[in-house]
Amino acid sequence: MAKLLVLLLCSCALSLGVFIFSSIEAVLLKASRQHNSRYHHALTRNQNTGGTTPTPIGTKHVGDWPAAIVKAKAVVASMSVKDKVALATGVGREKGPCVGNTPAVPSIDYPGLCLQDSPTGVRLADFVSVFPAGINIAATFNRTMMRARGLAMGAEFKGKGVNVALGPDINIVRSPRAGRNWETFGADPYLTGEASFETVKGLQANGLQACVKHYINNEQETNRTSSSSNVDDRTTHEIYLHPFFKAIQAGVVSFMCSYNQVNGTYACENEHVLNDLLKTELGFQGYVMTDWWARLDEFGTLAVNKGLDMVMPGEVSRGGKSSYFGTALVNAVKTGQVPTSRLDDMATRILAAYYVQGQDSGDYPSGDHKKLIRSMGAASTVLLKNDGSQLPLGNSVRSIAVVGSDAGPNPEGPNSCLGRRCNVGILALGWGSGTADFTYLIDPLSAITAKANSINATVFSSLSDADLIAAKNASSGKDVAFVFITADSGEASEGHILVEGNLGDRNDLNAWHGGNELVKAVAGENKNTVVIIHAVGAINMELWIDHPNVTAVVHAGLQGQEAGNSLVDIFADISSGYNVDYTEGLYIDYRWFDQNNITPRFEFGYGLSYTSFSYSALAIVYLRGGLGDKSQGPIGLERSLSSWLHNDWITVTFELTNTGLVDGTEIPQLYIAPRLHPTLHLNNFATLTVSSFEKANQPS
């Protein structure tokens, strides 16, 4: 048996003053070390109250910003008003190589910016990789993989000449039906924050600009351009702002403000959201752009005084001719409606981001990332049920049934549906602007057949979801039957295009294409039925999860271009007007279940292993290095980045032992319950690979 001595550092998110631990519990289920994630904030207003607060121009800068800001200010001092405005104004839709473009400014030898989707790969480009969705990489609980995914995507964006990658999407999964949940990193703010930090670090490591989105409270597609997300201050800070704060810690250079209103004012012209929270409290030094054609109904061009720095793609509305910026902004500066100092600040922020990433010099790298994508697809797959150790299969299997349309390819090709707005064949992404074009897509049937040929097994298949007779015939008498089901969602389109009756958010949480009936039909014929779920999020399994012949359930999420191969690695081997009142407050996802004493079928962080582990020698040590006797938090610019807020408070150590027969990876998770917070929430995790029948004793 192998043992590891494990060290986890513990910190506490600060809100409404200072939390002191009243209780702490280590819930050790299954992923990585933390970058301490605490911030401080004062009580502030929840919506605009009139007047204009000038956008702060930072006096303190961290990381690589100081030299870039000095350089940018010197250049801006020599520019005309027209050229400064040009930096901030998109040239219009389909008027450049990317989905968003700004013009060149010859007077300063500036080529303009190319801004391109998406969070899963370079959109609308050929010969690029399609990576596992955000929800999948979060499911790995593995910071190394999160960083590697960002690095690989960043290299490909730069290899295509992109300046700004429009991602990651770091909104919170507030509702399981929300259409773009699959693009995000899930429902927990700590896990989302860690994934945000690592992804931004990876994307920007080689000079690309990352743009985190959608800031803020953009958690659904229904009425997204008209609804108001009404959220109290504490919930804003502890749940929805935290991932954006972590992106700033990572050095992100740009933000995308969202379509929705926040407490009655559109996010892209919301002074509290942009100036008070982002640029003052969090000390953000980069620039804020609109989402494409975002509404500025109240202030229009004068949204610049509320903190907006750039409009995308340029025109006010799709197909329009006028812009909120451009000539309108030039005139607003000349008439004194927009201070010259504010225009200079906008231009400085945009140029400083360009300089801090070294985009005024250097080459853009690229590379082959299929092995990384395959490993991430496997590592993000969650084993939910495995009765009798049905998986992994081993080499003794001689007959395999593969059932369901998700197991095969789209007959028209993986890119045949615009924006992936269909669910035909293997589901490897949702739909909308968060997608990329597949250079290739490995379907499960092809990958399983290739593996079966190597062990002298025969594959029988039925790729129809509706033909239950064919499904039964393919499954009857086989050593194992794999049945594939799906659930899809995506971004709502302005043309209100429906995908099998769904506009963007899911209509319900059921499997698509009669998936429940398909599972029951196969399970009625085969005593070793394995259900594989390719889905944008959780689905309802209650109609079949307890069926005695359903021996294993695998939630594969959205695995990207290597989906089939990633699954085979798991099967055959061991791999690691309308208002939206956020009345649930702090209690989303597992916090809501805990608050209401409800035991879910599979709790947050759940996942089985092919081996077993034991925990012992739990020890908690208070470091006394936190706030000490400081009763007041820091104030002023960048107060949430104040260094003394991020000291470690507590260490939690324990011994982890692999008691099974095979090597395996375990993901310990640390949950805390600070004073004034009645439910446990995630505060740290670790990814630990431990060998079997060997002994080790080392810090991790």
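Look up a bit, the structure's there.
The notes below deal with the structure included here. It should be emphasised that the depicted structure is a prediction, and the values quoted were computed from it without experimental measurement.

## So, the pairing of strand S11 (residues 287–290)
Consecutive residues of a regular strand have side chains that alternate between opposite faces of the sheet.
Inference 1: What you see with S11 is no split at all: Tyr287 and Met289 on one side and Val288 and Thr290 on the other are buried throughout.
Inference 2: Looking at chain direction, strand S8 (residues 254–257) and S11 are connected through 4 bridges and run parallel. By the bridge assignment for S11, serine 254 is matched with tyrosine 287.

## Examining the layout of surface pockets
Inference 1: The volume enclosed by the second largest pocket comes to roughly 990 Å³.
Inference 2: Taken together, 40 residues make up the lining of the second largest pocket; nearest its centre are Arg123, Trp293, Arg318, Arg421 and Glu491.

## A few points about the nonpolar core
Soluble globular proteins tend to bury their nonpolar side chains together.
Inference 1: Formed by 115 residues in total, the largest nonpolar core has its most connected members in Tyr215, Phe255, Met289 and Leu351.
Inference 2: When residues in this core are grouped by element, the largest group, 10 residues, is from helix H9 (residues 340–356).
Inference 3: Val499, Met541, Trp544 and Val550 belong to the second-largest nonpolar core, a separate cluster that totals 27 residues.

## Comments concerning unusual backbone geometry
Inference 1: The linkage connecting glycine 167 with the following residue, proline 168, adopts the cis geometry, with an omega of 10°.
Inference 2: With respect to the element layout, proline 168 can be found in the loop between strand S5 (164–165) and helix H5 (189–204).
Inference 3: At the junction of lysine 213 and histidine 214, the peptide bond is cis and its omega measures out at -5° in the coordinates.
Inference 4: Tracing the backbone through its elements, the reader meets histidine 214 in strand S6 (residues 209–215).

## Brief notes about the state of the cysteines
Inference 1: For the structure on display, the rule yields 3 disulfides.
Inference 2: Residue cysteine 257 pairs covalently with cysteine 268 via a disulfide, S to S 2.0 Å. Taking the sign of the torsion about the S-S bond as the criterion, the disulfide between cysteine 257 and cysteine 268, at about 110°, is right-handed. Here cysteine 257 is found in strand S8, whereas its partner cysteine 268 is found in the loop between strand S10 (265–266) and helix H7 (271–281), with 11 residues between them in sequence. Comparing cysteine 257 with cysteine 268 shows no difference in burial state: the two are buried.
Inference 3: The residue that forms a disulfide with cysteine 417 is cysteine 422, at a sulfur-sulfur distance of 2.1 Å. One disulfide, between cysteine 417 and cysteine 422, carries an S-S torsion of 100° and so falls in the right-handed class. Both residues of the pair, cysteine 417 and cysteine 422, count as buried.
Inference 4: What connects to what in the chain, once the bonded cysteines are numbered by sequence position, is 1-2, 3-4, 5-6.

## Examining the packing of helix H1 (residues 65–76) against H9
Inference 1: One can describe the packing of H1 onto H9 by two numbers: an axis separation of 8 Å at closest approach and a directional angle of 130°. By the criterion of interaxial angle, the relationship of H1 to H9 is oblique. For the pair H1 and H9, the crossing hand works out as right-handed. Residue-level contacts link Trp65, Ala68, Ile69, Lys71, Ala72, Lys73, Val75 and Val76 of H1 to Asp344, Ala347, Thr348, Leu351, Ala352, Ala353, Tyr355 and Val356 of H9.
Inference 2: For the contact of H1 with H9, the residue count by class is 12 nonpolar, 1 polar and 3 charged.

## Comments concerning the sheet that holds strand S3 (residues 100–101)
Inference 1: Read across the sheet, 6 strands follow the order S3-S4-S5-S6-S8-S11 without closing on themselves; strand pairing throughout is mixed. Edge strands, defined here as strands with exactly one partner in the open sheet, are S3 and S11.
Inference 2: As defined by bridge partners, S5 adjoins S6 across 2 bridges and the pair is classed as parallel. Bridge assignment links valine 164 to a residue of S6, and that residue is glutamine 209.

## Details of the side chain of threonine 348
Inference 1: Topologically, threonine 348 is positioned in helix H9.
Inference 2: A polar contact of 2.7 Å, which involves the side chain of threonine 348, links it to the backbone oxygen of aspartate 344.
Inference 3: Threonine 348 has contacts with Ile69, Ala72, Lys73 and Val76, leaving out every residue within four places of it along the chain.

## Regarding helix H4 (residues 143–159)
Inference 1: Under the 1.5 Å per step criterion, the end-to-end length of H4 is 24 Å for 17 residues, consistent within 8% with the ideal 24 Å.
Inference 2: For H4, the buried fraction is high: 12 of the 17 residues fall into the buried class.
Inference 3: Taken together, the buried positions of H4 are Arg143, Met145, Met146, Arg149, Gly150, Ala152, Met153, Gly154, Ala155, Glu156, Phe157 and Lys158.
Inference 4: Along its buried surface, H4 packs onto strand S4 (114–116), helix H3 (134–139), S5, H5, helix H10 (370–379) and strand S23 (681–685).
Inference 5: Where H4 begins, the capping side chain belongs to asparagine 142, and its oxygen is found 3.0 Å from the backbone nitrogen of threonine 144.
Inference 6: Trailing H4 by a residue or two, glycine 161 shows a phi angle of about 80°, which is positive.

## Describing the packing of aromatic side chains
Any pair of aromatic rings gets described here by the distance separating the centres and the angle formed by the planes.
Inference 1: The tally for this structure, following the rule as stated, stands at 16 aromatic pairs.
Inference 2: For the pair tyrosine 110 and tyrosine 354, a centre-to-centre distance of 5.0 Å together with 70° between the ring planes defines the contact as edge-to-face. Of this pair, tyrosine 110 sits in the loop between S3 and S4 while tyrosine 354 sits in helix H9; the two residues are 244 residues apart in sequence, bridging distant segments of the chain.
Inference 3: On the accessibility criterion, tyrosine 110 (3% relative accessible area) is buried.
Inference 4: A ring pair is formed by phenylalanine 602 and tyrosine 606, whose centres lie 5.1 Å apart and whose planes are at 45°; its orientation type is tilted.
Inference 5: Judged by its relative accessible area of 26%, tyrosine 606 falls in the partly exposed class.
Inference 6: Linked through ring pairs, Phe141, Tyr190, Tyr590, Phe604, Tyr671 and Phe685 together constitute an aromatic cluster.
Inference 7: Its guanidinium or amino end placed over the ring of phenylalanine 299, lysine 306 lies 4.5 Å from that ring's centre, counting from NZ or CZ.

## Quick notes on the sheet that holds strand S14 (residues 458–462)
What links the strands of a sheet is backbone hydrogen bonding, and the strands pair in either a parallel or an antiparallel sense.
Inference 1: The mixed open sheet is built from 6 strands, whose spatial order is S12-S17-S16-S15-S13-S14. The sheet terminates laterally at strand S12 (382–386) and S14, the two strands that pair on one side only. Averaged over all pairs of adjacent strands, the angle between their axes in this sheet comes to 20°, without regard to strand direction.
Inference 2: Bridge analysis of strand S16 (residues 529–535) against strand S17 (residues 550–555) gives 5 bridges, and the strand direction is parallel.

## A short note on the packing of H4 against H10
Inference 1: Where H4 meets H10, the closest approach of the two axes is 11 Å, and the angle between their N-to-C directions is 145°. The two elements H4 and H10 meet at a crossing, and its hand is left-handed. Judged by residue contacts, Met145, Ala148, Arg149 and Ala152 of H4 engage Leu372, Ser375, Met376 and Ala379 from H10.
Inference 2: Considering only residue class, the contact of H4 with H10 consists of 6 nonpolar, 1 polar and 1 charged.

## Notes on the environment of alanine 673
Inference 1: With respect to the element layout, alanine 673 can be found in strand S22 (residues 669–674).
Inference 2: For alanine 673 and asparagine 683, which are 10 residues apart along the polypeptide, the C-alpha to C-alpha distance reads 9.5 Å.

How each quantity is defined
- Residues numbered from 1 in each chain as written.
- Predicted model: local features only at pLDDT ≥ 70, side-chain atom pairs only at ≥ 80, totals over all residues.
- Heavy atoms only, no water.
- Buried < 20%, exposed > 50% of the residue type's maximum accessible area, 1.4 Å probe, protein only.
- Helix = DSSP H or I, 4+ residues; strand = E, 2+ residues; numbered from the N terminus.
- Pairing = 2+ DSSP bridges.
- 1 Å grid on protein atoms, 1.4 Å probe; cavity = no way out; pocket = protein on both sides within 12 Å on 5 of 7 lines; lining within 4 Å.
- Points joined across faces, edges and corners; volume = space filled by probe spheres on them.
- Core = buried A, V, L, I, M, F, W, Y, C linked by side-chain atoms within 4.5 Å.
- Disulfide = S-S within 2.5 Å.
- Axes fitted to C-alpha atoms, helices over the stretch in contact; angles between N-to-C directions.
- Parallel < 35°, antiparallel > 145°, perpendicular 65-115°, else oblique.
- Left-handed = near helix turned anticlockwise from the far one by under 90°.
- Contact = heavy atoms within 4.5 Å.
- Nonpolar A, V, L, I, M, F, W, Y, C, P; charged D, E, K, R; others polar.
- Polar contact = N/O pair within 3.5 Å; in protein donor to acceptor, adjacent residues only side chain to side chain.
- Expected span 1.5 Å × (residues − 1).
- Phe/Tyr/Trp six-rings, centres within 6.5 Å; stacked < 30°, edge-to-face > 60°.
- Lys NZ or Arg CZ within 6 Å of the ring centre and 35° of its normal.

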